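Analysis of the macromolecular model
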Amino acid sequence: MPFNNRKLSINHREGTPQLSKANRRFTMSDPSVNETNSKIHRQFRNAHEGHKSHAGLDPTRASTGVVWCTERAYEHGFDVEPELGANLGQGAPEVDDDIEGSFERPSNIHISMTGREYGPAAGIKSLRAAVANMYNAHHREGKESQYTWENVCIVPGGRAGLIRIAAVLNNAYLGFFIPDYTAYNEMLSLFKNIARGTSVILTSNPRNPTGRVVKNPQLAEIQDICRDRATLVMDEFYGGYNYTSDCSGTTVSAADNIDDVYADDVLLIDGLTKRFRLPGWRIAWIVGPKEFIKAIGSCGSYLDGGANVPFQETAIPMLEPEKVRKEMVALQSHFRDKRDYVVGRLREMGFNINTIPDSTFYLWLDLEGLPDELSDGLNFFQACLEEKVIIVPGIFFDLNPSKRRDLFDSPCHHFVRFSYGPKIGTLKLGLDGIQRVVDNFKLGAHLEQAVEYI
Ligand SMILES: Cc1ncc(COP(=O)(O)O)c(C=O)c1O
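As the structure is a prediction and not an experimental result, all values here were calculated from the model.

Each value, and the rule that gives it
Residues numbered from 1 in each chain as written. Predicted model: local features only at pLDDT ≥ 70, side-chain atom pairs only at ≥ 80, totals over all residues. Helix = DSSP H or I, 4+ residues; strand = E, 2+ residues; numbered from the N terminus. Contact = placed C-beta atoms within 7 Å. Axes fitted to C-alpha atoms, helices over the stretch in contact; angles between N-to-C directions. Parallel < 35°, antiparallel > 145°, perpendicular 65-115°, else oblique. Pairing = 2+ DSSP bridges. Buried ≥ 20, exposed ≤ 12 C-beta atoms within 10 Å, placed from the backbone. Right-handed = clockwise from strand over helix to strand, strands pointing away. Near = placed C-beta within 6 Å. Nonpolar A, V, L, I, M, F, W, Y, C, P; charged D, E, K, R; others polar. Core = buried A, V, L, I, M, F, W, Y, C linked by C-beta atoms within 7 Å. Domains from an automatic or database assignment. pLDDT = per-residue confidence, 0-100.

Looking only at helices and strands, the protein has twelve helices and 14 strands in total. Within the protein, contacts between residues at least 6 apart in sequence are counted, and of these 76% link residues at least 24 apart.

Below you can see the structure in the form of structure tokens.
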């Protein structure tokens, strides 16, 4: 059998794939010395482009950047003594009840008879109505067109919601931005009916990983341009983490600018995961035009079976609009304080943070000013791991679903994402670790200089 077009040559002595230049498709240059000398780079490249030993299995489809980072962290003993390290990689908010002004989360839940049954794939009607009511109170006051329960579908978490949206799109051309949420990468490549272009636009806003938000009037302008031309999928999971309105509890949402809730092709997705600090509950929602919601609800019957009923029932009173507003005030002031602490310490260490992020709980940290050995995301990630700190290399947020661009030509290569979601004690621990990384390199440089003088 001829193998004319194969991209990998196998190194028979070691049984590991060797990278041929041809395999670095569309790249402009050879790997840098920095990359070739770096174990973490080789490990990454092998995991993502290496030999596939099981017929029919593409393991790259099963792993996101965050999973890969966690696996590397386990190799450094994180699973044995997690309390000694700081996980600033996972995009999870702190979940305790000790944030001032925040309501206490239920510690047990009642399970009704209906809670034992299969629930509707689109979610229970009372929760759908509670979500619609919250959006109307926060974003549609005084407007003629109001959301109803028929505009809302409950889904088992944000990612399940995104997958459902992808499942109902026709042969759509989809536009996206980089950097953006890592899971979009895998999601986009799962669906063969999605190509690149602009009949559907998918974006997180506020934005993961950059920690910036597009708000009115620019947001309204974008929606005006898209009206009757393209469907906007707005991932608003961080809408509550908004520091642009002096922590008044205002949530950023495209719902503010919708003319007709039945006609404007805007799908909003949010849930309890981030702004209600309940990632384990797996309760999220999609809000949009009735026909879209009907399709998204129905496809749950073959994709995931729907969100669990007891937690849906428990979520209803949490969405009372006044309660949510108070909760957002508490959330915003608490997380803004953490942001200021983190930015202050990183600046003291010499990191260049020109613009302070105005939303989410992420910092998109530019490493370009650091010594060469530390100035890319993978090497910095590795150095942090040795100090028991996890952060995520920026490369994972470079959406590249068709794998047309070599990952090391990525515009995100010199960045890492730092999450200030965890509690302040963990942030301090993590920043102390990063301080050690920076100090070790300064010390190393001094020693090298001293040796040169001798
Ligand atoms: C932008 C964005 N959307 C959606 C999600 C997914 O949320 P869930 O954990 O509910 O699947 C995340 C989680 O990190 C996210 O960052």
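From this point, the narrative continues.
Moving on, we come to the packing of helix 5 (residues 158-168) against helix 8 (residues 290-303). Where helix 5 contacts helix 8, the axes come no closer than 9 Å and their chain directions differ by 105 degrees. In terms of orientation, helix 5 lies roughly perpendicular with respect to helix 8. Side by side, helix 5 and helix 8 meet where I163, R164, I165, A167 and V168 of the first sit next to A295, I296, C299, G300 and L303 of the second.

Another point: the sheet that holds strand 11 (residues 362-366). Reading across the sheet, the three strands line up as 11-14-13 and stay open at both edges, with antiparallel pairing between neighbours. Each edge of the open sheet carries a strand with a single partner, namely strand 11 and strand 13 (392-393). Here strand 11 pairs with strand 14 (residues 415-419) via five bridges, running antiparallel. For W364, the partnering residue across the bridge sits in strand 14 and is R417.

As a further point, take the pairing of strand 8 (residues 231-235). Taking burial as the measure, the five residues of strand 8 include five buried ones, the bulk of the element. Burial along strand 8 is two-sided: T231, V233 and D235 facing one way and L232 and M234 facing the other are all buried. In this structure, strand 7 (residues 200-204) lies alongside strand 8, joined through five bridges in parallel fashion. In the sheet register, I201 faces strand 8, and the bridge partner there is L232. The parallel pair strand 7 and strand 8 is bridged by helix 7 (residues 218-226), and the resulting crossover is right-handed. With four bridges joining them, strand 8 and strand 9 (residues 266-271) adopt parallel strand pairing.

Turning our eyes to something else, we now look at the site of the ligand. Taken together, 13 residues lie near the ligand, and G157, G158, R159, S204 and T273 sit nearest. A class-by-class count of the residues in the shell around the ligand yields four nonpolar, seven polar and two charged.

This next bit is on helix 5. By the criterion of burial, helix 5 is predominantly enclosed, with eight of the eleven residues buried. Of the positions making up helix 5, those classed as buried are G158, R159, G161, L162, I163, R164, I165 and A166. Each element contacted by the buried residues of helix 5 is listed here: strand 4 (152-155), helix 6 (183-190), strand 8, strand 9, strand 10 (284-287) and helix 8.

The next point concerns the nonpolar core. Counting residues in each nonpolar core, the largest one holds 99 residues, and the members touching the most others are V131 and I286. Residues from two domains meet in this core; each of domain 1 (9-92 + 367-453) and domain 2 (115-321) gives at least three. Those residues within four positions of I286 in sequence are excluded, and the remaining contacts are C153, V155, G161, I165, L267, L268, I269, I293 and I296.

Per-residue pLDDT for the protein has a mean of 87; in total, 86% of the residues score no lower than 70. In this model residues 1-20 is a low-confidence stretch, pLDDT under 50, and it forms 17 contacts with partners more than four residues away in sequence or in other chains.

On to the pairing of strand 4, then. Going residue by residue along strand 4, you find V152 and I154 tucked away on one face and C153 and V155 tucked away on the opposite face as well. Examined bridge by bridge, strand 4 and strand 10 share four bridges and lie antiparallel to one another. In the sheet register, C153 faces strand 10, and the bridge partner there is I286.

If you trace the backbone, W281 turns up in the loop between strand 9 and strand 10. Once the C-alpha coordinates of W281 and F311 are considered, the two residues, 30 residues apart in sequence, prove to be 6.9 Å apart. In this structure W281 touches L272 and F311, once residues within four positions along its chain are discounted.

Below, the discussion takes up unusual backbone geometry. The peptide bond linking I178 to P179 adopts the cis configuration, its omega dihedral lying at -5 degrees. On the secondary structure map, P179 appears in the loop between strand 5 (173-176) and helix 6. Omega for the peptide link from N205 to P206 comes to -5 degrees, which places this bond in the cis form. Of note, P206 is situated in the loop between strand 7 and helix 7. Notably, D246 is not glycine yet its phi reads approximately 55 degrees, a positive angle. At C247, a residue that is not glycine, the phi angle is positive and equals roughly 55 degrees.

Within helix 11 (residues 377-386), nine of the ten residues are buried, which leaves the element mostly enclosed by the surrounding structure. Residues of helix 11 that are buried include every one of G377, L378, N379, F380, F381, Q382, A383, C384 and L385, and no others. Of the residues one or two after helix 11, K388 is the one with positive phi, at around 65 degrees.

Checked against the element boundaries, I296 lands in helix 8. Taking the C-alpha atoms as reference points, I296 and L169, separated by 127 residues in sequence, lie 9.6 Å from one another. In contact with I296, other than residues within four places in its own chain, are C153, R164, I165, V168 and I286.

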